[in-house]
Amino acid sequence: MTHARSKYSRGTPSGGTLLDTARIRADFPILNRQVNGRTLIYLDNAATSQKPRHVIQSIVDYYERYNANVHRGVHTLSVEATDVYEEARRKVARFINAPSEKSVIWTRNTSEAINLIAYSWGDANVGEGDNIVTTAMEHHSDIVPWQQLARRKGAQVRYIPVGRQGALDMAVARNLIDRRTKLVAAMHASNVLGTINPVGELALIAHAVGALMLVDGAQSVPSMPVDVQALGCDFLAFSAHKMCGPTGIGVLYGREDVMERMQPWMFGGDMISEVTYEGAKWNDLPYKFEAGTPNIADAIATGAAVDYLDELGMGNVWAHEQALGAYALERFKELEEFHVMGPRDPGLRGGLVSFFHDTVHPHDLGQALDRMGIAIRTGHHCAMPLVRGHGIAAAARASFYIYNTEAEIDALIDGLKDAAGYFARK
Amino acid sequence: MQSLEGLDELYEQIVLDHYRNPRHSDLLTSPAVDIEVNNPFCGDEIRLQLKTGDDGRVSAVSVAGRGCAISQSSGSLLTELVHGKDAAGLHGTVTLVRRLMKGDPVSEAEMDALGDLSALSGVRKFPVRIKCALLAWSALEEAAEKLEQGAK
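Residues numbered from 1 in each chain as written. Chains lettered and ligands numbered in written order. Predicted model: local features only at pLDDT ≥ 70, side-chain atom pairs only at ≥ 80, totals over all residues. Heavy atoms only, no water.

1. Topic: the layout of surface pockets
Looking at the largest pocket, its volume works out to about 540 Å³. Secondary structure elements with two or more residues in the lining of the largest pocket: helix 12 (362–371), strand 17 (374–375) and strand 18 (377–379) of chain A together with helix 5 (130–148) of chain B. For the lining of the largest pocket, the element with the highest residue contribution is helix 12 of chain A, accounting for five residues. For the lining of the largest pocket, the class distribution of residues is nine nonpolar, five polar and six charged. Contributing to the lining of the second largest pocket are 23 residues, with A:T359, A:H361, B:Y19, B:R66 and B:G67 lying nearest its centre. Elements with a minimum of two residues in the lining of the second largest pocket: strand 16 (352–357) of chain A together with strand 3 (58–66) and helix 2 (69–79) of chain B. When residues in the lining of the second largest pocket are grouped by element, the largest group, four residues, is from strand 3 of chain B. (1 Å grid on protein atoms, 1.4 Å probe; cavity = no way out; pocket = protein on both sides within 12 Å on 5 of 7 lines; lining within 4 Å. Points joined across faces, edges and corners; volume = space filled by probe spheres on them. Helix = DSSP H or I, 4+ residues; strand = E, 2+ residues; numbered from the N terminus. Nonpolar A, V, L, I, M, F, W, Y, C, P; charged D, E, K, R; others polar.)

2. Some thoughts on the pattern of salt bridges
It is possible for side chains bearing opposite charge to pair when their charged atoms get close. Inspection of the entire model under this criterion finds 34 salt bridges over all chains. The salt bridge involving A:R94 is made with A:E87; its shortest N-O contact spans 3.4 Å. Judged by relative accessible area, which is 55%, A:R94 ranks as exposed. Two residues, B:R23 and B:D17, come together in a salt bridge whose shortest N-O distance is 2.7 Å. Overall, the relative accessible area of 21% leaves B:R23 in the partly exposed class. If you follow the salt bridges from partner to partner, you end up with A:R331, A:E334, A:D410 and A:K417 in one network. (Salt bridge = Lys/Arg side-chain N within 4 Å of Asp/Glu carboxyl O. Buried < 20%, exposed > 50% of the residue type's maximum accessible area, 1.4 Å probe, protein only.)

3. Side note on helix 3 (residues 87–102) of chain B
Residues and elements named next belong to chain B. If you check helix 3, its first and last C-alpha atoms are 23 Å apart, about what 16 residues at 1.5 Å a residue would give, namely 22 Å. All buried positions along helix 3 are accounted for by A87, L90, H91, T93, V94, L96, V97, L100 and M101. Taken together, the buried residues of helix 3 touch strand 2 (45–52), strand 3, helix 4 (108–113) and helix 5. At the exit of helix 3 stands G103, carrying a positive phi of roughly 90 degrees. (Expected span 1.5 Å × (residues − 1). Contact = heavy atoms within 4.5 Å.)

4. Some remarks on helix 5 (residues 144–153) of chain A
All names here are of chain A. Every buried residue of helix 5 is listed here: P145, W146, L149 and A150. Buried residues of helix 5 fall within an arc of 135 degrees about the axis and therefore sit on the same side. Against the buried residues of helix 5 lie helix 4 (110–125), strand 7 (131–135), strand 8 (156–160), strand 9 (181–187) and strand 10 (212–216). (Arc of directions from axis to C-beta.)

5. Remarks on the interface of chain B and chain A
Each partner contributes to the interface: chain B provides 27 residues, whereas chain A provides 27 residues. There are three salt bridges connecting chain B and chain A. We note a salt bridge from A:D364 to B:R129, for which the minimum N-O separation is 2.8 Å. Our count for the contact surface shared by chain B and chain A stands at twelve residue pairs in polar contact (both at pLDDT 80 or more). Among the elements that take part in the side of chain B that touches chain A, helix 1 (residues 13–20) of chain B stands out by supplying four residues, more than any other. Class assignment of the residues belonging to the side of chain B that touches chain A gives a composition of 14 nonpolar, six polar and seven charged. (Polar contact = N/O pair within 3.5 Å; in protein donor to acceptor, adjacent residues only side chain to side chain.)

6. So, the domain arrangement of chain A
Residues and elements named next belong to chain A. For chain A, the assigned domains read domain 1 (9–51 + 313–425) and domain 2 (56–310). The centre of domain 1, based on its C-alpha atoms, is set 28 Å off from the matching centre of domain 2. At the junction of the two partners, domain 1 supplies 36 residues and domain 2 supplies 32 residues. Taken together, the two surfaces of domain 1 and domain 2 that pack against each other cover about 2,700 Å², and 59% of this comes from carbon and sulfur. In terms of surface lost to domain 2, no three residues of domain 1 exceed K51, M314 and L386, which account for 23% of the buried area on that side. (Domains from an automatic or database assignment. Buried area = accessible area lost by both parts, 1.4 Å probe.)

Encoded structure:
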């Protein structure tokens, strides 16, 4: 795989291609923060990424210079706000190679995007005896909406099992996906195992039986080049806050012809073209699915986040994450009593490592690392069935992003040794 | 060694001892109340069982579960504080433990009554862990309510 060289990337002696983190880190004010007397080492990027100054400034600029409602009125500020807001939508469309910005809907987050599909498309297209196929490694946000839809409709939810090496069992998937399957919904990259799932292959299997394919891109869109046309998916859901953008805004991409046939799921201002006392006509895509004044500032900031990532080049971002993931896997090998979850082959996974210790609970590990200024995630990672399937109630997770370095992974490994030693001695 | 000294306030020796060697963790046969609670935020689990005598006072207790050192040691420490108490006495102890965790003033006599559990008082300096420490106590509160309602 070759990547366009950005001014932010460089080769490394260790063989992987890392981004120029010194330069990138200067763009992230929060990385100078002290936590418990140490400079912050932020390794909880799968939960949310930090934000570059450029993104933060775009929110300030909007509120200080051209704050106005969009799609209303002829005054200068409203026109400016509308232009920047809609340009952000076009940037997102280009970022995921959507054929048209009409198929890019702003939502609050990935969960809301998936719920939109469950209500708007699911209620109209899933019936008694039908099934929805998802995976056993899914985030709760790609399980619970389907369970609820199945309950409303008398349908069934099926789960593609996860094999020992943390990969989906595709042979079973082929059997589970049948003529009564209406939708296949799968995460592109696992937030616990790090696995990259073959969602393009799942889309082919789904389409062969007339089902649609939804990809949960919450963990993949921030980290790798994602091309909805190449994947062949019908829906893609993701959140801005994991990709340098603000919280409170997410994206649903939907194939235009599918969404043209879907009914709105929320009603109100902006989503109508004509209202009488008797009824209303719906607005065109994408506005049909965006009732009320949108989250203008955060949409604009999402555009700024896309600019920032485009500047780095998503191929370079992915190479960086994979190099850090591989480095971390290698370093974990020297830790006794720690067990890494997910694929052993670093080529099959992204830039995160979930792990647990023989005796020290993840929360206690996380607490000890916090004393050293190192932020990791501990808990069930919103994937209770998956984590429990490993015979544990919780796991710890270190997840990497564009500003993380091998030195920070070294500090993590040292910190884990110290933490385990601390609890062993006491 | 990095700066782990500050952790000693949270992980007192006695706390880790209760975590590793939980007291009264064998399940009871035909308990009067049997409560399971979990912390959905982190997945920690506690199962608490009580038996009572004819006088309505606790005669046997079991706490089992899985989770972090704080949630599990707190459950084990709880088992040492409930024997011979009736529902009102249990409520009183729950209230006292809550006050301790919130950082409310607790008298010396009250601290004595809490025995080894006083070792958990360092938790109040780690606000996100207070929920861990109180998990078993929320089960005890529920158990006391059931006893009051005359369960079984």
